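Chain residues, written in single-letter form:
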Amino acid sequence: MEHVVFFPGPDGSPSFRRLSSLDDAVRLVEHLRNVENVSEVSVHTLSPVPLAFRPYYRVEVPAGEAAPESPVAPEPVAVPMEAAVPAPSEPVGEQVPVMEPVAEAEPVASGRRTLGFFAS
């Protein structure tokens, strides 16, 4: 079964390497830690996900063949003035707070890097 090792690259960007066995993945983690001084690594197993396919039909109307419009338009219904609902004088619903943009995180002085979305 294949394994993948996620680690930060030399420039800090997320990197990964696929390996054919767990032993190979462990050797890579040892190399990253002992030789390249990378301590933020993670190892994951790659396993196949079963898929199933179903037929899907989509109906389209050709461009030159527009559907005929209904010749009879619906008549508007008259509503008596007593049944009409007056508009509210105050706004209805909740007020949505305005979100302030968040400043990007500053680099950490210790030199630690994040794996971004690769972190588990």
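No experiment lies behind these values; they were computed from the predicted model shown.

On to the sheet that holds strand S3 (residues 42–46). Across the sheet, which stays open at both edges, the 3 strands sit in the order S2-S1-S3 with antiparallel pairing between neighbours. Bordering the open sheet on either side are strand S2 (14–19) and S3, each of which pairs with just one other strand. When the angles between neighbouring strand axes are averaged without regard to direction, this sheet yields 25 degrees. For strand S1 (residues 2–8) and S3, the ladder comprises 5 bridges, and the chain directions are antiparallel. Note on S3: the bridge partner recorded for Val 4 is His 44. Against the sheet, helix H1 (residues 22–34) touches S1, S2 and S3, its axis set at about 15 degrees to S1.

Taken together, Leu 22, Val 26 and Val 43 make up a surface patch of nonpolar side chains, about 220 Å² in accessible area. Turning to its location among the elements, Val 43 is positioned in strand S3.

Aromatic ring pairs: the centre-centre distance and the angle between the two ring planes describe each pair. Considering all chains together, one arrives at 1 aromatic pair under this definition. Between Phe 6 and Phe 16 the ring centres are 6.0 Å apart and the planes differ by 45 degrees, which places this aromatic pair in the tilted class. One end of the pair, Phe 6, is in strand S1; the other, Phe 16, is in strand S2, with 10 residues separating them in the sequence.

A few words on the side chain of Ser 42. You can see Ser 42 is positioned in strand S3. Reaching out from Ser 42, the side chain makes a polar contact with the side chain of His 44 at a distance of 3.2 Å.

Take the pattern of salt bridges next. Evaluation of the coordinates by the stated rule reveals 3 salt bridges. In this structure, the salt-bridge partner of Arg 18 is Glu 2, at a minimum N-O distance of 2.3 Å. With Arg 18 in strand S2 and Glu 2 in strand S1, this residue pair connects regions lying 16 residues apart in the sequence.

Here the focus is H1. Helix length check: H1 (13 residues) gives 18 Å between terminal C-alpha atoms against 18 Å at 1.5 Å per residue, within 8%. Those residues of H1 not exposed but buried are Ala 25, Leu 28 and Leu 32. Down the axis of H1, the buried side of the element spans an arc of 60 degrees, and every buried residue falls inside it. Exposed and facing more than 90 degrees away from the buried side of H1 are Asp 23 and Asn 34. Where H1 is buried, its residues contact S1, S2 and S3.

Per-residue pLDDT for the protein chain averages 78, and the proportion of residues at 70 or more is 53%. No element of the protein chain has a lower mean pLDDT than S3, which averages 94, and none a higher one than H1, which averages 96.

How each quantity is defined
- Residues numbered from 1 in each chain as written.
- Predicted model: local features only at pLDDT ≥ 70, side-chain atom pairs only at ≥ 80, totals over all residues.
- Heavy atoms only, no water.
- Pairing = 2+ DSSP bridges.
- Helix = DSSP H or I, 4+ residues; strand = E, 2+ residues; numbered from the N terminus.
- Axes fitted to C-alpha atoms, helices over the stretch in contact; angles between N-to-C directions.
- Contact = heavy atoms within 4.5 Å.
- Patch = residues over 30% accessible without salt bridge, like charges linked within 9 Å, V, L, I, M, F, W, Y side chains within 5 Å.
- Areas by Shrake-Rupley, 256 points an atom, 1.4 Å probe, with all protein chains shown as cover.
- Salt bridge = Lys/Arg side-chain N within 4 Å of Asp/Glu carboxyl O.
- Phe/Tyr/Trp six-rings, centres within 6.5 Å; stacked < 30°, edge-to-face > 60°.
- Polar contact = N/O pair within 3.5 Å; in protein donor to acceptor, adjacent residues only side chain to side chain.
- Expected span 1.5 Å × (residues − 1).
- Buried < 20%, exposed > 50% of the residue type's maximum accessible area, 1.4 Å probe, protein only.
- Arc of directions from axis to C-beta.
- pLDDT = per-residue confidence, 0-100.

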